[in-house]
Amino acid sequence: MRILIRTSKWAIWARRLASFAVPLAVIPVILHRQQVITTEAFHTMALVALIVAGLSLFLSLGALVRLWITGDRGWDRAFGGLLLSLLCLAPFVYGFIEASRYPRVTDVSTSPDLKLALLAPAPSVDPAVDQAAIEAAFPNAHTRTYPLDAPRLYEVVSKLVNDWGWDVRLRQAPPTARGTGQIDAVVTTWLGWRDSVAIRVSTGAEGGVVDMRSASLTPSLSDLGANGKRIEEFLLALDSAVTTVLRNSVLAPAPQGAEGDTPPPVQGGTRSDVVVPADRPADLRPPPPEPFDTEAPPQE
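Draft legend 1. Structural detail: the overall build of the chain. Scanning the chain from terminus to terminus reveals 6 helices and 6 strands. Along the chain, helices and strands appear, N-terminal first, in the series α-α-α-β-α-β-α-β-β-β-β-α. Across the 300 residues in the chain, those meeting the buried criterion constitute 36%. Across the chain, the fraction of contacts at a sequence separation of at least 24, relative to all contacts at a separation of at least 6, is 66%. Per element, the accessible surface of the chain, about 19,200 Å² overall, is 61% carbon and sulfur.

Structure below.
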């Protein structure tokens, strides 16, 4: 008698839904980064991918339990659906963890009392945001003061912005040594969200001053800590860059004079460079030096 071994339908549908959830989660990210779809459409497609991946995860776990009990076929399909569904759900789990770690804000600045003007308009900030919670979550996001003048400090900031690959929309260098400069840029996250960044370089009592603001351009409940972390990482990198500039300026060799540091040789005259102590006895003093003969001897 031949025993018929069936393939679990739960495993089949788990694999099918997981295979559908992968492109449903990846393609919207690519389209969003290329600005082909709007942020609202991206959020809608991400929600659909979340539902499909969650359903696939449920079917995969159910299929594994049924396969263990019934002995049917479909272990490969069940494990495949489980792996793909977990891969699709990983970004959502990460976002949930980051949202729970950081305050629910979308606008972070080093100077809360003096908001920097953004070139790209940002949504209005909730006045009920706890500033103390923001400072506790991002302790390094505060105003920096460096022993450099504003134009030199602006060069360091501008070079660092270029190295980070931000989309710069405005560059305004300080017109004078005590002037104010600003850089405005748009930063695209790996999921395609766009944030506006403004950096101001001014002059304070102790040197150049750097203030920074980063705000999300899309209305949302939380930025998952992206703006605060961006300010902290940039300012820490700026600390290292300014330290390198100061160290190189200190270790640089001192410029020589126009004629060098070596004194010119004596060109004729008496040997006046020999100094004899005045308290030396007269009988022990050497005879007075004879003048150098700068003329050629007469020829016979």
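From this point, the narrative continues.
Draft legend 2. Layout of helix H2 (residues 39–70). The first and last C-alpha atoms of H2 sit 46 Å apart over 32 residues, in line with the 46 Å expected at 1.5 Å per residue. Once H2 ends, the next one or two residues include Gly71, with phi positive near 75 degrees.

Draft legend 3. Representation of the pattern of salt bridges within the structure. In this structure the tally under the stated criterion is 9 salt bridges. Of the charged contacts in the structure, one is a salt bridge between Asp107 and Arg213, with a shortest N-O distance of 2.6 Å. Of this pair, Asp107 sits in strand S1 (residues 107–109) while Arg213 sits in strand S6 (residues 208–216), and the two are 106 residues apart along the sequence. According to the relative accessible area criterion, Arg213 is buried, its value standing at 11%. A salt bridge links Arg169 to Asp167, with the shortest nitrogen-to-oxygen separation between them at 3.0 Å. In this structure Arg169 comes out as partly exposed when scored by relative accessible area, which is 49%. Via salt bridges that share partners, Glu98, Arg101 and Lys229 belong to a single interconnected network.

Draft legend 4. Looking closely at the nonpolar core. Grouped together as the largest cluster of nonpolar side chains are 30 residues, with contacts concentrated most on Val157, Trp166, Ile199, Val210, Met212, Phe234 and Leu238. Counting residues per element, this core draws most heavily on helix H5 (residues 150–164), at 7 residues. Once residues within four sequence positions are removed from consideration, Ile199 is found in contact with Val157, Val161, Trp166, Gly181, Gln182, Ile183, Val210, Asp211, Met212 and Phe234. Among the nonpolar cores identified, the runner-up in size contains 17 residues, and Ala14, Leu17, Leu24 and Leu89 belong to it.

Draft legend 5. The arrangement of the pairing of strand S5 (residues 194–203) in detail. Burial analysis of S5 places 9 of its 10 residues in the buried class, which makes it a mostly covered element. Pairing between strand S4 (residues 181–188) and S5: 8 bridges, direction antiparallel. Within S5, the position partnered with Gly181 by the bridge is Val201. Count of turn residues in the S4/S5 antiparallel hairpin: 5 residues, of which Gly192 carries a positive phi of about 100 degrees. Across 9 bridges, S5 lies against S6 in antiparallel orientation. Looking at the pairing, Arg200 lines up with Asp211 of S6.

Draft legend 6. How the structure looks around the pairing of S6. Burial within S6 is extensive, with 9 of its 9 residues counted as buried. Alternating residues of S6 divide into Gly208, Val210, Met212, Ser214 and Ser216 and Val209, Asp211, Arg213 and Ala215, and every residue in both groups is buried. As judged from the 3 bridges shared by S1 and S6, these two strands associate in the antiparallel manner. Note that in S6 the partner of Ser109 across the bridge is Arg213. Note that strand S2 (residues 144–146) and S6 share 3 bridges and pair antiparallel. Within S6, the position partnered with Thr145 by the bridge is Val209. The antiparallel hairpin formed by S5 and S6 contains 4 residues in its connecting segment, where Gly207 sits at a positive phi of about 140 degrees.

Draft legend 7. Layout of the packing of helix H1 (residues 9–33) against helix H3 (residues 75–101). Relative to each other, H1 and H3 sit at 30 degrees, their axes nearing to 8 Å. Between H1 and H3, the angle falls in the class roughly parallel. Crossing hand, H1 versus H3: left-handed. For the pair H1 and H3, the contacting residues are Ala11, Ile12, Ala14, Arg15, Ala18, Ser19, Ala21 and Val22 in the first and Asp76, Arg77, Ala78, Gly80, Gly81, Leu84, Ser85 and Cys88 in the second. Looking at the contact of H1 with H3 residue by residue, the classes come out as 9 nonpolar, 4 polar and 3 charged.

About the cut-offs
- Residues numbered from 1 in each chain as written.
- Predicted model: local features only at pLDDT ≥ 70, side-chain atom pairs only at ≥ 80, totals over all residues.
- Heavy atoms only, no water.
- Helix = DSSP H or I, 4+ residues; strand = E, 2+ residues; numbered from the N terminus.
- Buried < 20%, exposed > 50% of the residue type's maximum accessible area, 1.4 Å probe, protein only.
- Contact = heavy atoms within 4.5 Å.
- Areas by Shrake-Rupley, 256 points an atom, 1.4 Å probe, with all protein chains shown as cover.
- Expected span 1.5 Å × (residues − 1).
- Salt bridge = Lys/Arg side-chain N within 4 Å of Asp/Glu carboxyl O.
- Core = buried A, V, L, I, M, F, W, Y, C linked by side-chain atoms within 4.5 Å.
- Pairing = 2+ DSSP bridges.
- Axes fitted to C-alpha atoms, helices over the stretch in contact; angles between N-to-C directions.
- Parallel < 35°, antiparallel > 145°, perpendicular 65-115°, else oblique.
- Left-handed = near helix turned anticlockwise from the far one by under 90°.
- Nonpolar A, V, L, I, M, F, W, Y, C, P; charged D, E, K, R; others polar.

Worth remembering: the numbers are spatial, not functional.
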